Amino acid sequence: MNKNRNKSEFQLSAITSAIALTLTFSFSGVALANTTDPHLDTETIQVLGQSYRNTATKTSLEPEETPQGVTVIDGEVLEQRGVKSLNQALRYAPGVVTETKGGAVTMYDTFAIRGFGVQQSYYDGLILQYLNGWNLQPQIDPIALQQVEIFKGPSSVLYGSMPPGGMVNMIAKTPQQEAATNLGLAAGSRNLIEASIDTTGQFGDSGLNYRLVALARKQDGQVDNTEEERYVIAPSVDWQVNDKTLINFNLYYQNDPAMGMNSSLPSSGMITSNTNGTTSASTFAGDNNWSAFEREFLMLGYKINHDLSDNWSFLQNVRYTDADLMQENTYHIASNFDESTGVLGRNIYSTEEESTGFVIDNQLSGYVYTGDIEHNLLFGLDYQKLDGESSYKEYSTSNASFYAFNIFSPNNDMLDRNSLTESYNAKDDISVEQLGVYFQNQMRWEKAVLIAGGRYDSYESNSKYVDDYSTSDTKADHEQFSYRLGALYEFDNGVAPFASYATSFEPATGVNADGEAYKPEVGEQIEVGLKYQSDDQTKNASVSIFHIVKSDALMANPDDLWGPELQLGEVTSQGLEVQAQFLLNDSWDVNASYTYIDMEITQDSEGGLEGTTPIYVPEHSANLWSTYQFYQGVLAGTRVGTGVRYVGEMQMDAANTDKVPSYTLVDLSVGYDLKGVSESFNGASVNLVANNLFNTEYYTCYDSANCWYGAEQTVELNFNFQY
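Residues numbered from 1 in each chain as written. Predicted model: local features only at pLDDT ≥ 70, side-chain atom pairs only at ≥ 80, totals over all residues. Heavy atoms only, no water.

Using the following cut-off: UniProt positions are given in the numbering used here, feature names are shortened, and annotations may be inferred rather than shown by experiment.
If you check an unreviewed UniProt entry, the chain appears there as TonB-dependent siderophore receptor from Vibrio algarum. What the UniProt record of the chain gives under Sequence similarities (unreviewed entry) is the line "Belongs to the TonB-dependent receptor family." According to its UniProt record, the chain has this under Subcellular location (unreviewed entry): "Cell outer membrane".

## Brief notes about the overall build of the chain
Short version of the rule: The secondary structure listing takes helices from DSSP runs of H or I that are at least 4 residues long and strands from runs of E that are at least 2 residues long, numbered from the N terminus. Residue contacts follow a heavy-atom distance rule, with two residues in contact if any of their heavy atoms lie within 4.5 Å. Per-residue and other accessible areas were derived by the Shrake-Rupley procedure at a 1.4 Å probe size, with only the shown protein chains allowed to occlude residues. This count recognises Lys and Arg as positive and Asp and Glu as negative, with His and chain-terminal groups excluded. The atom standing in for a charge is NZ when the residue is Lys, CZ when it is Arg, CG when it is Asp and CD when it is Glu.
Along the chain, the regular secondary structure elements total five helices and 38 strands. In terms of overall dimensions, the chain has a C-alpha envelope of 70 × 60 × 50 Å along the principal axes. Looking at the chain alone, contacts between residues at least 24 apart form 68% of all its contacts between residues at least 6 apart. Here the chain displays about 29900 Å² of accessible surface, and carbon together with sulfur accounts for 53% of that area. Charged side chains in the chain number 40 positive and 95 negative. The centres of these two groups are separated by 4 Å.

## Considering the UniProt feature "domain: TonB-dependent receptor plug" (unreviewed entry) in the chain
The feature "domain: TonB-dependent receptor plug" (unreviewed entry), as given by UniProt, occupies residues 64-166 in the numbering adopted here. Here residues 64-166 is 14% helix and 25% strand, with 17 Å between the C-alpha atoms at its ends.

## What about the packing of aromatic side chains?
Convention followed: The rule is short: rings of Phe, Tyr and Trp, with Trp giving its six-membered ring, pair when the centres are within 6.5 Å, and they are stacked under 30 degrees, edge-to-face over 60, tilted in between. Partly exposed residues are those whose accessible area sits between 20% and 50% of the maximum for their type, while under 20% is buried and over 50% is exposed, using a 1.4 Å probe and protein chains only.
Summed over all chains, the structure comprises 22 aromatic pairs. With a centroid separation of 6.2 Å and an interplanar angle of 70°, the aromatic rings of Tyr392 and Tyr424 are classed as edge-to-face. Here Tyr392 is found in strand 19 (residues 373-397), whereas its partner Tyr424 is found in strand 20 (residues 420-445), with 32 residues between them in sequence. Since its relative accessible area comes to 11%, Tyr392 is described here as buried. An aromatic cluster of three or more residues is present, and its members are Trp134, Tyr331, Tyr349, Tyr392, Tyr424 and Tyr469.

## Some thoughts on the nonpolar core
Heads up, the condition is: For our purposes a nonpolar core is just a set of buried Ala, Val, Leu, Ile, Met, Phe, Trp, Tyr and Cys residues, chained together by side-chain atoms within 4.5 Å.
Ranked by size, the top nonpolar core spans 57 residues in total, and within it Leu90, Tyr123, Val148, Ile150, Val168, Met170 and Tyr252 carry the most contacts. For this core, the element with the most residues is strand 20, which contributes four residues. Those residues in contact with Tyr252 that lie beyond four places of it in its chain are Tyr123, Gln139, Ile140, Asp141, Ala144, Val232, Ile233, Ala234, Phe297, Leu298 and Met299. Formed by 23 residues, the second largest nonpolar core is a distinct cluster that contains Leu265, Ala281, Ala285 and Phe405.

## A short note on the state of the cysteines
Which entries qualify depends on this criterion: Any cysteine sulfur atom paired with another within 2.5 Å is treated as part of a disulfide.
In total, this model carries one disulfide according to the counting rule given. The disulfide partner of Cys701 is Cys707, and the S-S distance across this bridge is 2.1 Å. The sign of the S-S torsion, about 110°, decides the handedness of the disulfide formed by Cys701 and Cys707: right-handed. Comparing Cys701 with Cys707, the two get one shared label, buried.

## Some points on the sheet that holds strand 3 (residues 111-113)
Across a sheet, paired strands are connected by hydrogen bonds in the backbone, their directions being either parallel or antiparallel. This is how the line gets drawn: Here the rule is simple: two strands pair whenever DSSP picks up at least two bridges between them.
With antiparallel pairing, three strands are arranged side by side in an open sheet as 2-3-4. Whereas interior strands pair on both sides, the edge strands pair on one side only; in this sheet they are strand 2 (96-97) and strand 4 (116-118). Alignment of strand 2 against strand 3, held across two bridges, turns out to be antiparallel. For Val96, the partnering residue across the bridge sits in strand 3 and is Ile113.

## Some remarks on the pattern of salt bridges
To keep it simple, the criterion reads: By salt bridge we mean one thing: a side-chain nitrogen of Lys or Arg within 4 Å of a carboxyl oxygen of Asp or Glu.
Scanning the model with the defined rule gives 28 salt bridges in all. Between Glu649 and Lys659 there is a salt bridge, and its shortest N-O distance comes to 3.1 Å. Note that Glu649 is positioned in the loop between strand 31 (638-647) and strand 32 (650-651) and Lys659 in strand 33 (residues 659-660), a separation of ten residues in sequence. For Glu649, a relative accessible area of 41% translates into the label partly exposed. Where salt bridges share partners, they join Lys84, Asp141, Glu194, Arg217, Arg230, Asp256, Arg295 and Glu716 into one cluster.

## Focus on the pairing of strand 11 (residues 208-220)
Bridge count between strand 10 (residues 192-202) and strand 11: ten bridges; the pairing is antiparallel. By the bridge assignment, Thr199 is partnered in strand 11 with Leu212. As paired strands, strand 11 and strand 12 (residues 227-240) are joined by 13 bridges and run antiparallel to one another. From the neighbouring strand, Val213 faces strand 12, where its bridge partner is Ala234. Taking the residues between adjacent antiparallel strands as the criterion, strand 11 and strand 12 are bridged by six residues, where Asn225 takes a positive phi near 65°.

## Digging into the confidence of the model for the chain
Under the convention used in this document: One confidence number per residue, pLDDT, is output by the predictor and ranges from 0 to 100.
Looking at the chain, the pLDDT average stands at 90 and 92% of residues meet or exceed 70. Counting interchain partners and residues more than four positions distant, the pLDDT-below-50 stretch residues 1-46 has 54 contacts.

## Things to note about a negative patch on the surface
Here is the rule we go by: Residues enter patches when their relative accessible area tops 30% and they take part in no salt bridge; the joining distance is 9 Å for like charges and 5 Å for the nonpolar side chains Val, Leu, Ile, Met, Phe, Trp and Tyr.
A surface patch of negative charge is lined by Glu433, Glu460, Asp477 and Glu479. Examined against the element boundaries, Glu460 turns out to sit in strand 21 (residues 448-467).

## Structural notes on the sheet that holds strand 5 (residues 122-123)
Strand order in the open sheet made by the five strands is 1-7-8-5-6, with mixed pairing throughout. Of all the strands in the sheet, the pair left with one neighbour each is strand 1 (70-74) and strand 6 (126-127). For strand 5 and strand 8 (residues 166-172), the ladder comprises two bridges, and the chain directions are parallel. Across the sheet, residue Tyr123 finds its bridge partner in strand 8, namely Met170.

## Focus on the side chain of Thr57
Note the threshold: Any pair of N or O atoms that falls within 3.5 Å is considered a polar contact. Within protein, one atom must be able to donate a hydrogen and the other to accept it, and sequence-neighbouring residues count only if both atoms are side-chain atoms.
For Thr57, the position within the fold is in the loop between helix 2 (38-44) and strand 1. With a relative accessible area of 0%, Thr57 lands in the buried category. Among the polar contacts made by the side chain of Thr57, one reaches the side chain of Thr59 at a distance of 2.7 Å. Those residues in contact with Thr57, other than ones at most four positions away along the chain, are Thr66, Leu158, Leu378, Gln440, Gln442, Ile451 and Arg484.

## Examining the pairing of strand 12
For strand 12 and strand 13 (residues 245-259), the ladder comprises ten bridges, and the chain directions are antiparallel. Looking at the pairing, Ile233 lines up with Tyr253 of strand 13. As consecutive antiparallel partners, strand 12 and strand 13 are separated by four residues.

## Let's talk about the environment of Pro564
If you trace the backbone, Pro564 turns up in the loop between strand 26 (554-555) and strand 27 (566-567). Residue classification places Pro564 among the partly exposed positions, given a relative accessible area of 37%. Considering only alpha carbons, one finds Pro564 and Val511, 53 residues apart in sequence, at a separation of 7.0 Å. In this structure Pro564 touches Val511, Asn512, Ala513, Tyr518 and Asn557, once residues within four positions along its chain are discounted.

And the structure:
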């Protein structure tokens, strides 16, 4: 992997040792300080930090005041559903298609919002930087999350480069003053074993609060002969310097020694019938002697929140990231597969990737009044820089039987590592730099809320690709202005109609087949809708109608997957989103959503795709989750949650030659408070989670040669003890 790996491991070992000492003192502090009611501790641990800013406005204002679609998933829901990734966390979010690479490829969070793929997510308001064109990107484990926020539609006005469908921001758990600790153990399908700790409290009587989250997990992969293994440690400290200044120091370290597999299967024998046989969700198209996927990353950051006056505050959010990844894998293309025999010709390759990144966001926010109008002003300046490299190699083997691999009778031990000969070698040096300046005014006049904002971005990237034959420099140099306008009116009955217009911007690196530099991808959305919240906050709902147009969109050439991408003229996505959450009574709550999307390539001057629908876009999708809590009787302390998710059929490839079938999945979560057995078990609970309860088989596809099985049925039993 990283050529500085030994040095990196030494540094991380030292950090880990220091954190272990901190944990020892933390336990001591908790044991001495925990004299409060345990139920109060449970509430306290859920409080968002003082430096929290919601995704929609980058302010502490409520998302309900934003005239665009917003979905928030809190940490309690994530825990009850037993999610292991951001992909799984988004399964019940309206307008989102998750796990577009199936259930076995878990090292990426691959999803689309309102029909547009999302390549980069945010963690605590800062981008998780991605090594352009490769595989390396941090992936946050849900154990560290307080909640997940999905902002629908363009968000470039606050965040810079972003697809027009929307974005996801994961909010980290923060230190709390009241002492509380949660210990977790889990076991389940595919030999799952997991242990975690989440502890928080105050260091003595000081102005320092701590939080430490740690996790160890190991599980067999869904595909034969693969494993998934992860270790996370995430300490943070809040230092209340004085009444006006809070500084948060945070660290997140994750080591993934095994991340399953990263390969696909042909649709033949999976979705379409083949006389030679069928594949299954456990079929592995790789080779056990050349199958590795390892990732390690460290993120160090701080946040300073300073109140300049009663009305004005300043927030600075900073993060440094050091990451590396190594994989040994195989791949195939359509021409490698002989449908008449089932023989799949595989190509052997490896990558070693590393990157360092720096991100900073400075925000000045405050309140100003002009007559009866309240202005919530936001001024911001953010900057990011990424430097990285990837070493890519391909190999050939003298073992001819390796190239005669048959997917219907797979032999995954056909490769002799000693028989490999390097056939291709390339190195890609990548640098990215982006500077953004933005402004926003969210105005309130009586019951009306108006929002206006603008942003200027300067983006530069460079890729120097050197292989056995040539050297090429690929650059992007873009300057772009993005903006949004919106209005919302709050009636006394809780209904709030809204309308907005927003634009987006995405850099485009590279050149087309004629050697001309790509233009930046730009988008615009018009959205109108209604939001509703009852006075007692037991019911809330929203409905949105949106129309998105993305211009100069990049798409892989269906006739040449390895050649330059096609830059299409225009892609249009329009549709309807409905979501509702309501308490039927003190025991029963229901969450439901429905999404309709009509997406089409409306202009295409070079690819011949005009009139087609992109992949990963179901016309209809719907979700329902219902939870019932028993407070009395023999079942007192029991919680039963059941979910149903439906995803309509999607196109199998860019040319729309076939379709991927629709599917309906059922999930179950049953919890029990062990205090009902005995007072001595106060604070202890068990939770049984069954995903894809009926083990329904479903699929996703990039094209007919590259398809994936969805996640199989999994059952997990976890035990939690809070004190």
